[in-house]
Every structure is written in structure tokens, then in C-alpha cells.
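Topology and contacts: notes
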Amino acid sequence: MHLTLAGRLAYTRARMQPHSNLTESYAAQAYELEQLISKASAETIILQPGENRWSILQIACHLADAELLASLRIRRIITEDTAKLWSYQQEVWADRLSYQQRKIGTVITRFALLRRENAELLTGLPDAVWDQTGEHDEYGVLSLRQLIEDYVVHTAKHLRQIEKLTSFKNQ
């Protein structure tokens, strides 16, 4: 089976890691984000790298809001038959929720708390639950496993982006 989510990620059975490894990777990203932010200066965190490009703060806000939605999506897949999973307009959220005005400490704390709680919830779930699905309005039917794999890849992409922004400013 091969499913592509908006060009971001292709899932195949061969790529899948055991649930415990996936959950560990997912949970570890909270610490990775905390470490990256701890090394960045206040100036670097709010610096806009270019027109229509997000600052580290805005990226962190996006990750925290994505994790908020992940919390709901995970719980809906676990508790509902073919749960509805709704998309959101990230640019609208960034603008109307004033990402550039948020406090980095609060944002990072929210992301880390939600990510760790979600990982704790996922730990030890039976295989059958990982195969349960929800229907995303843009990407179609997704299993819980596919959803978590997507969040791991999505977060990793933004962690690399933050790392580049911190190293670019420190040169």
C-alpha cells in the first residue's frame, strides 16, 4: 500500500518501525525542540529570515498548534469509528493568533507538554488501535500509525529549519 499526503510523506509497510520506536521518536522531539530553543538568543528567535518566511517563534507556534490538533486527532481515532479529522489554514492561524507576539517559553512548554502526554497515551496501545483510521478532509483515510509518522516527519522538518535559522544567525 502506498499513500501520499500532499507530497509530504509516502507510507509503505517497509518503512514502518515498531510502535515503540515510533513513539520514542515522537516523544524525543519535545526535548529536541527545547534544546534548540535554549541555544537561540532572544533576537534570533524573533528574527524574520525573509519576506513570507517564519521566524523561529512562528515555527514554534505552528508546531505547538499542530500538536494541539494532534491531541484531538489521536483521541478521535482511538475512540471513534472513522473519525473526522479536519485541516486548518496555517497561515490564517499564524496571522490571526499573532504568532509573532507569543512568548517563546509558553509556546515551547505547551508543545512539550502536549507531545509528552500524547506519547504517553500512545505507549502500549495494541496493534489493532494503531490500525484504526480517521478520515482527513484533505488527505483521505489515515491510520493512527500514519498520523503519528506524519507528525514525526513534519516536526523533524521544522526542527531542521529552526536549527538552520539558529546556526545562520550565529555565524
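The rules behind the values
- Residues numbered from 1 in each chain as written.
- Predicted model: local features only at pLDDT ≥ 70, side-chain atom pairs only at ≥ 80, totals over all residues.
- Heavy atoms only, no water.
- Axes fitted to C-alpha atoms, helices over the stretch in contact; angles between N-to-C directions.
- Helix = DSSP H or I, 4+ residues; strand = E, 2+ residues; numbered from the N terminus.
- Parallel < 35°, antiparallel > 145°, perpendicular 65-115°, else oblique.
- Left-handed = near helix turned anticlockwise from the far one by under 90°.
- Nonpolar A, V, L, I, M, F, W, Y, C, P; charged D, E, K, R; others polar.
- Expected span 1.5 Å × (residues − 1).
- Buried < 20%, exposed > 50% of the residue type's maximum accessible area, 1.4 Å probe, protein only.
- Contact = heavy atoms within 4.5 Å.
- Pairing = 2+ DSSP bridges.

Notes on the packing of helix H3 (residues 56-79) against helix H5 (residues 104-122)
In the contact formed by H3 and H5, the axes pass within 9 Å of each other and the chain directions differ by 25 degrees. Our classification of the angle between H3 and H5 gives roughly parallel. Relative to H5, H3 is oriented so that their crossing is left-handed. The residue inventory of the contact of H3 with H5, partitioned by class, reads 16 nonpolar, two polar and six charged.

Some details on helix H1 (residues 19-38)
Over its 20 residues, H1 runs 30 Å from end to end, which matches the ideal 28 Å to within 8%, given 1.5 Å per residue. Of all the positions in H1, only His-19, Leu-22, Thr-23, Tyr-26, Gln-29, Ala-30, Leu-33, Leu-36 and Ile-37 are classed as buried.

Side note on the packing of H1 against H3
Taken N-terminus to C-terminus, the directions of H1 and H3 make an angle of 160 degrees; their axes are 12 Å apart at the nearest point. The pairing of H1 with H3 is recorded here as roughly antiparallel in orientation. Considering the relative orientation of H1 and H3, their crossing is left-handed. Of H3, the residues touching H1 (which contributes Tyr-26, Leu-33 and Ile-37) are Ile-56, Leu-63, Glu-67, Ala-70 and Ile-74. Taken together, the residues of the contact of H1 with H3 sort by class into seven nonpolar, no polar and one charged.

Details of the pairing of strand E4 (residues 133-136)
Alternating positions in E4 separate cleanly, Gly-134 and His-136 being buried on one face and Thr-133 and Glu-135 remaining unburied on the opposite face. Pairing of strand E3 (residues 83-85) with E4 involves three bridges; the strand directions are parallel. Bridged to Lys-84 within E4 is Glu-135. Two elements, E4 and strand E5 (residues 140-143), share four bridges in a ladder whose sense is antiparallel. Bridging from a neighbouring strand, Gly-134 pairs with Leu-142 of E5. From the end of E4 to the start of E5, which pair antiparallel, there are three residues.

Read these as layout, nothing more, since geometry by itself doesn't imply function.
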